[in-house]
Amino acid sequence: MLEKAYREGKAKSIGISNFEGKYMEELETKWEIVPQFIQVEVHPYFTQKELRVTLDKYGIKLMSWYPLGHGDTALMNELVFAGLGKKYGKTPAQVILRWHTQMGFVIIPGSKNAEHIKDNMDIFDFALTDEEMEQIAKLDKNERYYHRTDEQLVQFANWKPEFEK
Ligand SMILES: NC(=O)c1ccc[n+]([C@@H]2O[C@H](COP(=O)([O-])OP(=O)(O)OC[C@H]3O[C@@H](n4cnc5c(N)ncnc54)[C@H](OP(=O)(O)O)[C@@H]3O)[C@@H](O)[C@H]2O)c1
């Protein structure tokens, strides 16, 4: 359906969510138009190393959901973010979001706090050095926050939003 919309000029690009592992392998055999974006869980504790090899092969951009680890204080309180925040005059959250953008990821941080929303857009006036990026890379534990079963995935895929209501 997305490919049809793209061909008809109704969609400028195709973005899909949560295609990883076996689902990504299956998709690769079926797509006619390569999607521009894939949205998956990504943060410094889980950097999607394996998936990124495939995405790079096709030039697909990665969009990070849970970019701030769903607000996990263990992630936010990592010493490296406090140190870099002090150096650049930024909060740990801003350092994490800057790391995403320098990794080439598109970010969709969630917030209900007006100050945080402003902060989350104010990350383009500083740059982490290669050494600092390497320090952050050391936090990768290949550990997700969200563990989804195949059954849940089928449920999500079949969910139909009721726009008319
Ligand atoms: N495609 C999918 O399957 C999928 C799955 C999950 C999530 N998502 C999407 O991903 C997006 C982000 O998810 P999320 O909001 O759960 O996780 P998140 O962006 O990683 O974390 C949000 C948490 O971080 C806090 N926060 C945000 N900015 C902050 C800042 N500058 N300083 C300190 N704390 C800050 C928020 O608290 P405050 O409200 O107090 O700022 C909230 O507790 C959402 O749009 C969501 O719909 C997609």
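The following refers to the structure shown.

Quick look at the site of the ligand now. Neighbouring the ligand are 20 residues, the closest being N18, L68, H70, S111 and H116. One nitrogen or oxygen atom from the side chain of W65 is found 3.5 Å from an oxygen atom belonging to the ligand. Taking H70, its side chain carries an N or O atom lying 2.6 Å from an oxygen atom of the ligand. Its free accessible area being 920 Å², the ligand has 68% of it covered by the protein chains. Looking at the shell around the ligand residue by residue, the class counts come to eight nonpolar, 11 polar and one charged.

Opposite charge on two side chains permits them to pair, given that their charged atoms come into close proximity. One pass over the structure, following the stated rule, counts 12 salt bridges. Two residues, D150 and K22, come together in a salt bridge whose shortest N-O distance is 2.7 Å. Taken together, the residues span a long stretch of sequence, with D150 in helix α9 (residues 150–158) and K22 in helix α2 (residues 21–30) at a distance of 128 residues. Residue D150 is classed as partly exposed on the basis of its relative accessible area, which comes to 35%. With its nearest N and O atoms 3.6 Å apart, the salt bridge here joins K57 to E28.

Each value, and the rule that gives it
Residues numbered from 1 in each chain as written. Predicted model: local features only at pLDDT ≥ 70, side-chain atom pairs only at ≥ 80, totals over all residues. Heavy atoms only, no water. Near = heavy atom within 4 Å. Polar contact = N/O pair within 3.5 Å; in protein donor to acceptor, adjacent residues only side chain to side chain. Areas by Shrake-Rupley, 256 points an atom, 1.4 Å probe, with all protein chains shown as cover. Nonpolar A, V, L, I, M, F, W, Y, C, P; charged D, E, K, R; others polar. Salt bridge = Lys/Arg side-chain N within 4 Å of Asp/Glu carboxyl O. Helix = DSSP H or I, 4+ residues; strand = E, 2+ residues; numbered from the N terminus. Buried < 20%, exposed > 50% of the residue type's maximum accessible area, 1.4 Å probe, protein only.

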